[in-house]
Structure formats: C-alpha cells, structure tokens
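What follows is each chain in one-letter form.
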Amino acid sequence: MAFRMRFWGVRGSIPCPGPDTVRYGGNTACIELRFQPLNRLIIVDAGSGIRALGDQIMKQDLPKGPIKTQIFLTHTHWDHIMGFPFFTPIYIPGTELTIFGPVTYEEDTLDKIVGDQLRYRYFPVRQSELAAKIDYAQLQECEKDLGDGIIMRTKYLNHPILCLGYRFEYQGKVLCTAFDTEPFRNVFDQNKDSPDFDEEAFKEGEIVAKQENEKVLQYFKDADVVIHDTQYTHKEYTAGKIGWGHSTFEYAINAAHKANVKKLFFFHHDPLRRDDELDELIAFYKNKIKGKSALEIEVAREGLTLDI
Ligand SMILES: [Zn+2]
Ligand SMILES: [Zn+2]
C-alpha cells in the first residue's frame, strides 16, 4: 500500500442529511489522503465533511504533536469550502495549514474567499482570531513536487468558475479527482439557420472541445483511482442540465475506461439522489459494462476507506 484514501463528504451542492441519505452520506465534498510512513496528511476540499475529519484529527493526531496539513481546494464554490470554519484544527495553536486552490478573479484572493466565511455577519469568530498558522497558495494548471516523493499535477476542468482536478502520484500509485466538471463542448452556435452561425468558429469550437476532452483522458491515464463528478444520469443531463458544470455516470465511465483507469468512484451525488437510487444506478452500470471493460466502479460513500 502506498497511501490510504477516505471519503468524509460525497455530496454536491448542499448538505442533505436525512433518512434517504443515511447510507451514502449527506455531507459535501471532503477526501482524506494519508501517506502513512511519512505521517503526511492531504485533504481535498473543505465541504461539510471536513468537520468530522477535523474531529478525528483532534483525537488521533493532536496527541502525537502539532497538526500539519495541506488542503487542496478543487474550486471555491460554497459546497467545497463551507466546512472550513468548523474544522477544529484551525483553532489550535501550533497547527500549520496550507490551503491551495484556483481563483477565477485576481481581486478575489483565496484567503479572502475562504477566510471571509469567518466574519461576524456569518460566523461568531473572525479569521484574524484563528490560532493556527494558515498560508494560502493560488494554483493554476501545474506540476508540483510536494516533497517526500509525492507529486501533484493539476488539470483545468470544465465548470462555471476555474476548477482544478488533482492528480496525486506516490510510489507508482495514482489518484485523480475530477469534480466539479462536465465534458468540454463546442461553445459556438451549432444551428446553421441561426444569423449568428459562423462556420469557421463552429469548426474551431469542435476541435478545441475534442482537444480539451482528450487532455482530460491524458490526465486520467492509467490511474489506479479516479473520483469523478456524476451528479446526473445522461437522461437528466440532456433534459436541461447542460452547462451546469456537472458530469454524467455515462461520461465518467466512458472516460475512465478509455484512459485505462482501474477504479472509478461516482462522486458529488445530487442532493436529491436517494440511497436506493444510488444502489440501483451502480447495479445498472455494473451490468452494462460487464464483460466489456476491466474498469471497476463504485459509489463514493462517507466512511469508505481504500488502500491504494
Ligand atoms: Zn460542487
Ligand atoms: Zn462547483
């Protein structure tokens, strides 16, 4: 085993606790990566799931010494940062935290977007009162050596704001995240009867969309694990959700299969998606790819741990 992954939040958009989400979980995006012999902890996204992770860190890690961790934000939509004020280690002196992430507008810095949640109008504690040492680092598409042999690569995804996929590589094992995202598509008018139709622009749009989708496959290439946005079924997506920035089960399976991925996790479940529906969907898609692909598929569930 090279590292261990655990899901703490698997939902998109908004936390949705209740009888219909008990089994897969109702918290928004948060994933823990533990590089055990190194004692390194990496967190992807600070959705509401990070609260319980923080509690566990307080119990397990704090007695061994000051907490040191890095949080990689895929983007700054609220469902991916809302848990930050409830992440207890930020109130503990000695905690060292670096928060990485992309920003869409230069004037909105990462510390402002994340830290402004800690203002009296929203919350009883201000960012300046936090005991932890917190650094912010803005990221673009890049490759970064995180030290101790951990390599991270980022990939721009297709979402209404700047959003990064993270590829972590350690001891030959690879985990990629791809949320929130939808397939790149031609942004130019496709209707030949439209007065705005521009054949050259349309052709160029087709090429660019194809290239960008190809780059995503390269980014996934041969990964052991891909955690992918599957907020919608193809039917739901084409019935009015195109352009909302989320993917389908069908697209995620297709991309993972083409990129020779070993295991795909369905992630960023729609808040309306009931546990029973997720059971039905995974059974349906498993049956669909049976005998046609070596790809393993599974539904991301809070508490699910995987050694990679
Ligand atoms: Zn989201
Ligand atoms: Zn989003």
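To keep things clear, this report deals only with the structure shown in the data block.

Rules behind the numbers
Note that residues are indexed from 1 along each chain, following the sequence as it is written. Each chain gets a letter, beginning with A, and each ligand a number, beginning with 1, in the order they are written. Predicted model: local features are reported for residues with pLDDT of at least 70 only, side-chain atom pairs are reported and counted for 80 or more only, and whole-chain, interface and lining totals are derived from all residues. Only hydrogens and water are set aside when side-chain values are computed; all heavy atoms of the structure are taken into account. Only protein chains enter the accessibility calculation, which uses a 1.4 Å probe; a residue whose area is less than 20% of its type maximum is buried, one above 50% is exposed, and one in between is partly exposed. Strands are runs of DSSP state E lasting at least 2 residues, helices are runs of H or I lasting at least 4, and numbering of each runs from the N terminus. Strands pair, by our definition, only if DSSP identifies at least two bridges between them. Coordination here is defined by N, O and S atoms within 2.8 Å of the metal (3.2 Å for Na, K and Ca), and since water is not considered, a site can look incomplete. Each label reflects the angles at the metal, where four donors whose angles all fall between 85 and 135 degrees are tetrahedral, four or six donors whose opposite pairs open beyond 155 degrees and whose other angles stay between 65 and 115 are square planar or octahedral respectively, and the rest are irregular. Salt bridges are defined by distance alone: a side-chain nitrogen of Lys or Arg within 4 Å of a carboxyl oxygen of Asp or Glu. Axes here refer to lines fitted to C-alpha atoms; in helices the fit is confined to the stretch in contact. Angles between the N-to-C directions go from 0 to 180 degrees. Residue contacts follow a heavy-atom distance rule, with two residues in contact if any of their heavy atoms lie within 4.5 Å.

**Description of the pairing of strand S2 (residues 30–35)**
The side chains of a regular strand alternate between both faces of the sheet.
Logical step 1: With six of six residues buried, S2 lies mostly within the body of the structure.
Logical step 2: On S2, burial covers both faces: Cys30, Glu32 and Arg34 on one face and Ile31, Leu33 and Phe35 on the other are all buried.
Logical step 3: The pairing of strand S1 (residues 4–9) with S2 spans five bridges and is antiparallel. Its bridge partner lying in S2, arginine 6 is registered against glutamate 32.
Logical step 4: Sheet analysis places S2 next to strand S3 (residues 40–44), joined by five bridges and oriented antiparallel. In the sheet register, phenylalanine 35 faces S3, and the bridge partner there is arginine 40.

**Thoughts on the coordination of the zinc ion (ligand 2)**
Logical step 1: The coordination sphere of the zinc ion (ligand 2) contains the protein donors His75 (NE2), His77 (ND1), His159 (NE2) and Asp180 (OD), at a distance range of 2.1 to 2.4 Å.
Logical step 2: For the zinc ion (ligand 2), the four donor atoms in the first shell make angles of 89 to 169° at the metal, a pattern classed as irregular.
Logical step 3: Mapped onto the polypeptide sequence, the residues donating to the zinc ion (ligand 2) form the spacing pattern H-x1-H-x81-H-x20-D.
Logical step 4: In this structure the zinc ion (ligand 1) is found 3.5 Å away from the zinc ion (ligand 2), and aspartate 180 serves as a bridging donor for the pair.
Logical step 5: Residue histidine 75 is classed as buried on the basis of its relative accessible area of 0%.

**Thoughts on the pattern of salt bridges**
Logical step 1: Counted according to the given criterion, the structure contains 22 salt bridges.
Logical step 2: Between aspartate 279 and arginine 23 there is a salt bridge, with its nearest N and O atoms 2.9 Å apart. Remark: arginine 23 occurs in the loop between S1 and S2 and aspartate 279 occurs in helix H6 (residues 275–289); sequence separation between them is 256 residues.
Logical step 3: Accessibility expressed as a relative area gives 27% for aspartate 279, which makes it partly exposed.
Logical step 4: Using a relative accessible area of 39% as the deciding quantity, one classes arginine 23 as partly exposed.
Logical step 5: Overlapping salt bridges, with partners in common, bring together Glu141, Lys155, Glu212 and Lys215 in one network.

**Observations regarding the coordination of the zinc ion (ligand 1)**
Logical step 1: Coordination of the zinc ion (ligand 1) by the protein involves Asp79 (OD), His80 (NE2), Asp180 (OD) and His268 (NE2), with metal-donor separations of 2.1 Å.
Logical step 2: Bound by four donor atoms, the zinc ion (ligand 1) shows angles of 92 to 163° at the metal and therefore irregular coordination geometry.
Logical step 3: Coordination of the zinc ion (ligand 1) draws on donor residues from a single chain, spaced D-H-x99-D-x87-H in sequence.

**Looking at the sheet that holds strand S4 (residues 68–72)**
Logical step 1: If you walk across this open sheet you meet the seven strands as S6-S5-S4-S3-S2-S1-S14, and the pairing is mixed. Looking at which strands have only one partner, the edges of the open sheet turn out to be strand S6 (133–138) and strand S14 (305–307). Sheet twist, expressed as the average angle between the axes of neighbouring strands with direction ignored, equals 20°.
Logical step 2: Strand direction decides the pairing type here: S4 and strand S5 (residues 96–101), joined by five bridges, are parallel.

**A look at the environment of leucine 33**
Logical step 1: Looking at where leucine 33 falls in the secondary structure, it is placed in strand S2.
Logical step 2: Spatially, the C-alpha atom of leucine 33 lies 9.1 Å from that of phenylalanine 7, the residues being 26 residues apart in sequence.
Logical step 3: Apart from residues lying up to four places away in sequence, leucine 33 is in contact with Phe3, Arg4, Met5, Arg40, Leu41, Ile42, Phe168 and Leu175.

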